[in-house]
Amino acid sequence: SGKRVITSSNLQFRYTSDSISIYENLLCKPRAYIAYKTKFTATEETAATELLRPDFDGSEALFTKDNAPADSGLLTAGRNSILFERSDNEEVSINVETDSKGIFILTDTYYPGWQCYVNGVAKPIYRVNNCMRSVFIDKGKSTLIFRFKPAIFTAGADISLISFFLLILSIVIMRKKHFPAK
């Protein structure tokens, strides 16, 4: 924060050196957590306003109406544990155990092309808190695997493969045409 002193109940002073002061954000959530409450807003703008409220602590999963999951029934808070097994650029593997169903929130940026598998079964990913990924999980132990497989990559690979076979076919046809067998 430089030389400026910040006074907020959500920040705790940690360290100062030279002209730098470091504060801890007490509202900061871990990279992944489970929410047991949902809240809905009409638009992305109202969601952004809601996220910036001083009393918003992230314990609720905030969805917009156009990105609201169909199954957001009553959830009851429970104990849970989350363990990251693997975290790469294109794949994140997480073991989760919870006492009741909930909304698993991965604070990584929501972006089209990500797919999620819960215990090997494909599940929809919902955009939550305006920019994060979420998946509904059931009570018990689950293995969540997030993979980045954008459709455009698959389409590009298919086009390249078809183009390669057409090139080979055209070379074979041209050779037969210009160099007929004797």
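Above this text is the structure in question.
It should be emphasised that the depicted structure is a prediction, and the values quoted were computed from it without experimental measurement.

Chemist: Can you help me understand the overall build of the protein in this one?
Modeler: For the protein, the count of helices and strands is 2 helices and 13 strands. What you see for the protein is a C-alpha radius of gyration of 24 Å, clearly larger than the 16 Å of a compact globule of 182 residues, by over 25%. Burial statistics for the protein: of 182 residues in total, 29% are counted as buried. Of the roughly 12,300 Å² of accessible surface on the protein, 58% is carried by carbon and sulfur atoms. Separation of charge centres in the protein, based on 23 positive and 19 negative side chains, amounts to 8 Å.

Chemist: Is there a simple way to think about the packing of aromatic side chains in this case?
Modeler: The geometry of two aromatic rings is summed up by the distance between their centres and the angle between their planes. What the rule picks out here adds up to 8 aromatic pairs. Summarising the aromatic geometry, the rings of tryptophan 114 and phenylalanine 148 are spaced 5.3 Å apart at their centres and angled 50 degrees between planes, so their arrangement reads as tilted. With tryptophan 114 in strand E9 (residues 114–118) and phenylalanine 148 in strand E13 (residues 140–148), this pair connects stretches of sequence that are 34 residues apart. The class for phenylalanine 148 is partly exposed, based on a relative accessible area of 25%. Connected via pairs of aromatic rings, a cluster forms that spans Phe40, Phe63, Tyr126 and Phe136. Above the face of the tyrosine 33 ring, lysine 29 is positioned so that its terminal group lies 5.4 Å from the ring centre. Between the NZ or CZ atom of arginine 133 and the centre of the ring of tryptophan 114, over which it lies, the distance is 3.9 Å.

Chemist: What's the story with the sheet that holds E9 in this structure? I'm lost.
Modeler: Consider a sheet: its strands pair through backbone hydrogen bonds, and that pairing is either parallel or antiparallel. Read from one edge to the other, the open sheet built from 5 strands follows the order E6-E7-E13-E9-E10, with strand pairing classed as antiparallel. This sheet does not close on itself; its edge strands, each paired only once, are strand E6 (80–87) and strand E10 (121–123). Strand-to-strand twist of the sheet, defined as the mean angle between neighbouring strand axes without regard to direction, takes the value 25 degrees.

Chemist: Whenever I open this one, the nonpolar core confuses me. Can you help?
Modeler: Taken as a class, soluble globular proteins show a tendency for nonpolar side chains to be buried jointly. Ile94, Val96, Phe104, Leu144 and Phe146 are the most contacted members of the largest nonpolar core, which has 16 residues in total. Contributing elements (two or more residues each) for this core: strand E3 (32–35), strand E7 (91–98), strand E8 (102–109), E9, strand E12 (132–137) and E13. If near-sequence neighbours (up to four positions away) are discounted, valine 96 is found in contact with Ile34, Ser81, Ile82, Phe104, Ile137, Gly140, Lys141, Ser142 and Leu144. If you look at the next biggest cluster of nonpolar residues, it comprises 10 residues, including Tyr33, Ile105, Val128 and Phe136.

Chemist: Explain the sheet that holds E8 to me, please; I cannot follow it from the model alone.
Modeler: Strand order across the open sheet formed by 4 strands is E3-E8-E12-E11, with antiparallel pairing between neighbours. Edge positions in the open sheet fall to E3 and strand E11 (126–128), since each of these has one partner strand only. Taking each pair of neighbouring strands and ignoring which way they run, the sheet shows an average axis angle of 40 degrees.

Chemist: Where do I start with the pairing of E13 in this structure?
Modeler: Sheet faces and side chains relate simply in a regular strand, where the side chains alternate between the two faces. Here E7 pairs with E13 via 8 bridges, running antiparallel. Across the sheet, the residue bridging to asparagine 95 is threonine 143, located in E13. With 5 bridges connecting them, E9 and E13 associate as antiparallel partners. Paired with glutamine 115 across the bridge in E13 is arginine 147.

About the cut-offs
- Residues numbered from 1 in each chain as written.
- Predicted model: local features only at pLDDT ≥ 70, side-chain atom pairs only at ≥ 80, totals over all residues.
- Heavy atoms only, no water.
- Helix = DSSP H or I, 4+ residues; strand = E, 2+ residues; numbered from the N terminus.
- Rg over C-alpha atoms; globule rule 2.2 N^0.38 Å.
- Buried < 20%, exposed > 50% of the residue type's maximum accessible area, 1.4 Å probe, protein only.
- Areas by Shrake-Rupley, 256 points an atom, 1.4 Å probe, with all protein chains shown as cover.
- Lys, Arg positive; Asp, Glu negative; His and termini not counted.
- Charge placed at Lys NZ, Arg CZ, Asp CG, Glu CD.
- Phe/Tyr/Trp six-rings, centres within 6.5 Å; stacked < 30°, edge-to-face > 60°.
- Lys NZ or Arg CZ within 6 Å of the ring centre and 35° of its normal.
- Pairing = 2+ DSSP bridges.
- Axes fitted to C-alpha atoms, helices over the stretch in contact; angles between N-to-C directions.
- Core = buried A, V, L, I, M, F, W, Y, C linked by side-chain atoms within 4.5 Å.
- Contact = heavy atoms within 4.5 Å.

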